[in-house]
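# Commentary on secondary and tertiary structure
Residue-level listing of the chains:
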Amino acid sequence: MGVYIFYLFGTGLIATSVAALLMKNPVHSVLSIVTSFFFLAGIYAGLSMQFLAVIQILVYAGAIMVLFIFIIMLFDLQKSEYSKDRFLWRDIIPLILMIITASGFIAAIGRSEAIKTYVVNAKLPTNFGSVNAVSFEFFGTANSVGRYSFLFEMISVLLLSAIVGAVVLAKRKL
Amino acid sequence: MVPLSSYIMLSTILFFIGLTGVLVRRNIIIMMVSIEIMLNASNLALVAFNRFRFYNSNDGMIFSFLVIAIAAAEVAVGLAIVIAIYRKKKTVMIQDLSVMKH
């Protein structure tokens, strides 16, 4: 049963990702990517990462991609502008190179015995992938600091600097 | 059950789809969307290795959260740059933006 769900979600993930690159209109492209993130959240849930699956939908599909759509709506591009983004014959060179490199990687992964021998372990820790485990790593307990508390604080500094940088860049005149 | 190699193969395919999008498309917004596809491919690889190989810790999931936070910062700054470019040039196609060439 789990095998069929993995292949269903994996096929949907690849199909919607490829469809995003084939769309002329950026709005259709971003909506296709949002669909692919829902499939990816399903794969995360299949790996018993429930909290990450929820965050993928809430933050990634719900916040980051909606920001993309918001910006595209601001631009008000015409149809003639989209037709500049057409497939040229010289684009066949990176396409073929990417297909060759990707098939090389996939063949190497398929032949690797070290990766193939790992299968899903039945006896996971009870709080694997839960909010409890994440908060323990990020915030620690009442008496101790979590292993990644400093990293968490650094991420908040990074996001603050990104906010300031975005405001400065998008401002018409400083 | 599905072996680890299937997840890593899916992650590889997703990464190369994103790389192809960056190389082939000319719309800056779709190039940024392709960068998001590549970040998600790395997330999938981290999570799969965490689940199969290091299932006594949650490090892969923690790193995935950090990647999502960095993606949010990258999108905010990148889209601000795109808005600044559009205000100056009235286009988002990279073939019209080759100011460094001349």
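Residues numbered from 1 in each chain as written. Chains lettered and ligands numbered in written order. Predicted model: local features only at pLDDT ≥ 70, side-chain atom pairs only at ≥ 80, totals over all residues. Heavy atoms only, no water.

### A closer look at the overall build of chain A
Applicable threshold: In this description a helix means any DSSP run of H or I spanning at least four residues, a strand means any run of E spanning at least two, and both kinds are numbered starting from the N terminus. Atoms considered for the radius of gyration are the C-alpha atoms alone. The globule rule reads 2.2 Å times the number of residues to the power 0.38.
Broken down by element type, chain A carries eight helices and zero strands. In sequence order, the secondary structure elements of chain A are arranged as α-α-α-α-α-α-α-α. The globule rule puts the C-alpha radius of gyration for 174 residues at 16 Å, and the 21 Å found for chain A is more than 25% above it. The principal-axis extents of the C-alpha atoms in chain A amount to approximately 60 × 50 × 25 Å.

### Describing the overall build of chain B
Where we set the bar: Whether a residue is buried, partly exposed or exposed follows from its accessible area with a 1.4 Å probe, protein chains only, as a fraction of its type maximum: under 20%, in between, or over 50%, in that order. Should any heavy atoms of two residues lie within 4.5 Å, those residues are considered in contact. Note on areas: Shrake-Rupley with a 1.4 Å probe; residue coverage comes only from the protein chains shown.
A tally of regular secondary structure across chain B gives three helices and zero strands. When the elements of chain B are put in sequence order from the N terminus, they spell out α-α-α. Computed over C-alpha atoms, the radius of gyration of chain B comes to 17 Å, more than 25% over the 13 Å expected from 2.2 N^0.38 for 102 residues, which places it beyond the range of a compact globule. Reported as C-alpha extents along the three principal axes, the dimensions of chain B are approximately 55 × 25 × 20 Å. Expressed as a percentage of the 102 residues in chain B, the buried residues total 63%. Contacts in chain B between residues at least 24 apart in sequence constitute 59% of all its contacts with a sequence separation of at least 6. Accessible surface, chain B: about 3,800 Å² in total, of which carbon and sulfur atoms supply 70%.

### Considering the domain arrangement of chain A
Residues and elements named next belong to chain A. Cut-off, in case you're wondering: Each domain span listed reflects an automatic or database assignment of domains. Two parts placed together each lose some accessible area under a 1.4 Å probe, and the buried area is that loss summed for both. For this document, the term salt bridge refers to a Lys or Arg side-chain nitrogen within 4 Å of an Asp or Glu carboxyl oxygen. Here a polar contact means two N or O atoms within 3.5 Å. Within protein one must be a hydrogen donor candidate and the other an acceptor candidate, and residues neighboring in sequence count only if both atoms are side-chain atoms. When residues are sorted by character, Ala, Val, Leu, Ile, Met, Phe, Trp, Tyr, Cys and Pro go into the nonpolar class, Asp, Glu, Lys and Arg into the charged class, and all the rest, Gly among them, into the polar class.
What the domain assignment reports for chain A is domain 1 (2-129) and domain 2 (130-174). Taken together, the contacts link five residues of domain 1 with five residues of domain 2. On the domain 1 side of the interface with domain 2, the three residues burying the most area are Phe-51, Asn-127 and Gly-129, jointly 96% of the side's total. Counting the contacts that link domain 1 with domain 2 gives zero salt bridges. Taken together, the connections running from domain 1 to domain 2 amount to two residue pairs in polar contact (both at pLDDT 80 or more). In the side of domain 1 that touches domain 2, the residues fall into two nonpolar, three polar and no charged.

### Details of the packing of aromatic side chains
The criterion, for reference: Any Phe, Tyr or Trp ring, taking Trp's six-membered ring, that has another such ring centre within 6.5 Å forms a pair; planes under 30 degrees apart are called stacked, those over 60 apart edge-to-face, and the others tilted. Both a distance and an angle decide whether a charge sits over a ring: NZ of Lys or CZ of Arg must be within 6 Å of the ring centre and within 35 degrees of the ring normal.
For the structure on display, the rule yields 13 aromatic pairs over all chains. An aromatic cluster of three or more residues is present, and its members are Phe-6 and Tyr-7 of chain A together with Tyr-7 and Phe-52 of chain B. The positively charged end of Arg-53 of chain B is found above the aromatic ring belonging to Phe-54 of chain B, 5.1 Å away from the centroid.

### A few points about the interface of chain B and chain A
Chain B puts 74 residues into the contact, and the matching count from chain A is 86 residues. Between chain B and chain A lies a buried interface of about 7,400 Å² when both sides are counted; carbon and sulfur atoms form 77% of it. On the chain B side of the contact with chain A, Arg-26, Arg-51 and Tyr-55 of chain B bury the most area, a combined 10% of that side's loss. Taken together, the connections running from chain B to chain A amount to two salt bridges.

### Concerning the packing of helix α1 (residues 2-22) of chain A against helix α2 (residues 26-46) of chain A
Residues and elements named next belong to chain A. Counted only if it meets this: Simply put, an axis is a line fit to the C-alpha atoms, just over the touching stretch for a helix, and the angle between two N-to-C directions goes from 0 to 180 degrees. The scheme is simple: roughly parallel for angles under 35 degrees, roughly antiparallel for over 145, roughly perpendicular for 65 to 115, oblique for anything else. With the far helix as reference, a near helix turned anticlockwise by less than a right angle produces a left-handed crossing, and one turned clockwise produces a right-handed crossing.
Direction vectors running N to C along α1 and α2 enclose 160°, while the axes themselves pass 8 Å from each other. Taken together, the axes of α1 and α2 are roughly antiparallel relative to one another. The handedness of the crossing between α1 and α2 comes out as left-handed. Touching Phe-9, Gly-10, Gly-12, Leu-13, Thr-16, Ser-17, Ala-19 and Ala-20 of α1 are Ser-29, Ser-32, Ile-33, Thr-35, Ser-36, Phe-39, Leu-40, Gly-42 and Ile-43, all from α2. Taken together, the residues of the contact of α1 with α2 break down into eight nonpolar, nine polar and no charged.

### Structural notes on the nonpolar core
How we decide: We call a set of buried residues a nonpolar core when its members are Ala, Val, Leu, Ile, Met, Phe, Trp, Tyr or Cys and they connect through side-chain atoms within 4.5 Å of each other.
The biggest cluster of nonpolar side chains holds 67 residues, and the ones touching the most others in it are Tyr-44, Met-49, Leu-52, Met-65, Phe-68 and Phe-75 of chain A together with Tyr-7 of chain B. For this core, the secondary structure elements donating two or more residues are α1, α2, α3 (50-75) and α7 (131-139) of chain A together with α1 (4-24), α2 (28-52) and α3 (59-89) of chain B. Here this core spans two domains, and each of domain 1 (2-129) and domain 2 (130-174) of chain A adds at least three residues to it. When near neighbours in sequence (up to four residues on either side) are disregarded, Leu-52 of chain A contacts Tyr-44 of chain A together with Val-47, Met-61, Ser-64, Phe-65 and Ile-68 of chain B.

### Overview of the environment of Ser-36 of chain A
Residue and element names in this part refer to chain A. Mapped onto the fold, Ser-36 is located in helix α2. Residues in contact with Ser-36, not counting those within four places in the same chain, are Leu-13, Thr-16 and Ser-17. Reaching out from Ser-36, the side chain makes a polar contact with the backbone oxygen of Ile-33 at a distance of 3.0 Å.

### Observations concerning the side chain of Ser-29 of chain A
Position of Ser-29 of chain A among the secondary structure elements: in helix α2. Among the polar contacts listed, one links the side chain of Ser-29 of chain A to the backbone oxygen of Ala-20 of chain A, at a separation of 2.8 Å. In this structure Ser-29 of chain A touches Ala-20 and Met-23 of chain A together with Ile-30 of chain B, once residues within four positions along its chain are discounted.

### Observations concerning unusual backbone geometry
The backbone of Ser-48 of chain A sits at a positive phi, close to 55°, despite the residue not being glycine. Looking at the element boundaries, Ser-48 of chain A is found in the loop between α2 and α3. Judged by relative accessible area, Ser-48 of chain A falls into the buried class, the value being 16%. We note that Lys-90 of chain B has phi near 60°; this positive angle belongs to a residue other than glycine. Take Lys-90 of chain B: it is sitting in the segment after α3. Assessed through its relative accessible area of 54%, Lys-90 of chain B is described here as exposed.

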